[in-house]
Each structure stands twice: as C-alpha cells, then as structure tokens.
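# Architecture at a glance
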Amino acid sequence: MNCLECGEKIIGRSDKKFCNDACRNTYNNHQNKDSNNLMRNVNNKLRRNYRILKDINIDGKTKISKSKLDGLGFDFDYFTNVKVYKNGSEYKFIYDYGYKLLDDDFILIVRNQA
C-alpha cells in the first residue's frame, strides 16, 4: 500500500493510509479546506457574527440596540437557522446564539442551552 498523500510505500499495519503524521495532516487539510471563496467568505461572516453575539451575551440574555450591533460589524444576512416558537416569536440563530428583533430598533440576544 502507498501513502495517499505522497505515494511512498507504507511500512507497518496493513490498514495504514499514510506514511507519517505530516502526510496525514496535509491530506486532511486539503480535504477539509473550504472549496471556494464563497464558502470561505460565508463561514468567516458566520464566525464573526458568532463571536460578536458571544462577547456581548455574557449573562445568557442581553438587550442591545441594532445600531450598536451594526457598529460591531454584525451582518444580519448571515445566520444558521430560524426558530419560531409557539407564541410566534422568531429567533435567528448562529449555532447556539440567537437574536430576536424587538420594538424600537433593539435586539434581544439569547443562548440556547441544549
């Protein structure tokens, strides 16, 4: 059997796929790399939004003005899912942090503890 990354002959166990850790890491990094700029840009925006909500929402529930969130670079077009509760409240989530638009241009930030 030859190494999937460099093609060198593998010595050792019969189920080994790589000749060393460097080849294994290089191969996996290539496989897991964002395939194009669009994916990379979307993932970066989601990460930025997540960090902003996490840094603001220290107590588990926080109210902030939309303009402050805008000023921090939050992009309201990027979120991972929408959850509508029985009472009709709609929250947009970035993984486990969610936000709801309130009256008077305010945002309620929550953390969904699974």
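Fair warning: this is a prediction, and the values are worked out from it, not measured in the lab. (Residues numbered from 1 in each chain as written. Predicted model: local features only at pLDDT ≥ 70, side-chain atom pairs only at ≥ 80, totals over all residues. Heavy atoms only, no water.)

### So, the overall build of the chain
Along its length, the chain carries three helices and five strands. Reading the chain from its N terminus to its C terminus gives the helix and strand order α-α-β-α-β-β-β-β. Relative to the 2.2 N^0.38 estimate, which gives 13 Å for 114 residues, the radius of gyration of the chain is 22 Å and therefore markedly larger than a compact globule would have. In terms of principal-axis extent, the alpha carbons of the chain reach across some 65 × 30 × 25 Å. (Helix = DSSP H or I, 4+ residues; strand = E, 2+ residues; numbered from the N terminus. Rg over C-alpha atoms; globule rule 2.2 N^0.38 Å.)

### What about the pattern of salt bridges?
Here the structure, examined in full by the defined rule, presents four salt bridges. Residue Asp-15 is joined to Arg-13 by a salt bridge in which the shortest nitrogen-to-oxygen separation is 2.9 Å. Measuring nitrogen to oxygen at the nearest pair gives 2.9 Å for the salt bridge that ties Arg-111 to Asp-96. One end of the pair, Arg-111, is in strand β5 (residues 106–111); the other, Asp-96, is in the loop between β3 (90–94) and β4 (97–101), with 15 residues separating them in the sequence. With relative accessibility at 36%, the residue Arg-111 sits in the partly exposed group. (Salt bridge = Lys/Arg side-chain N within 4 Å of Asp/Glu carboxyl O. Buried < 20%, exposed > 50% of the residue type's maximum accessible area, 1.4 Å probe, protein only.)

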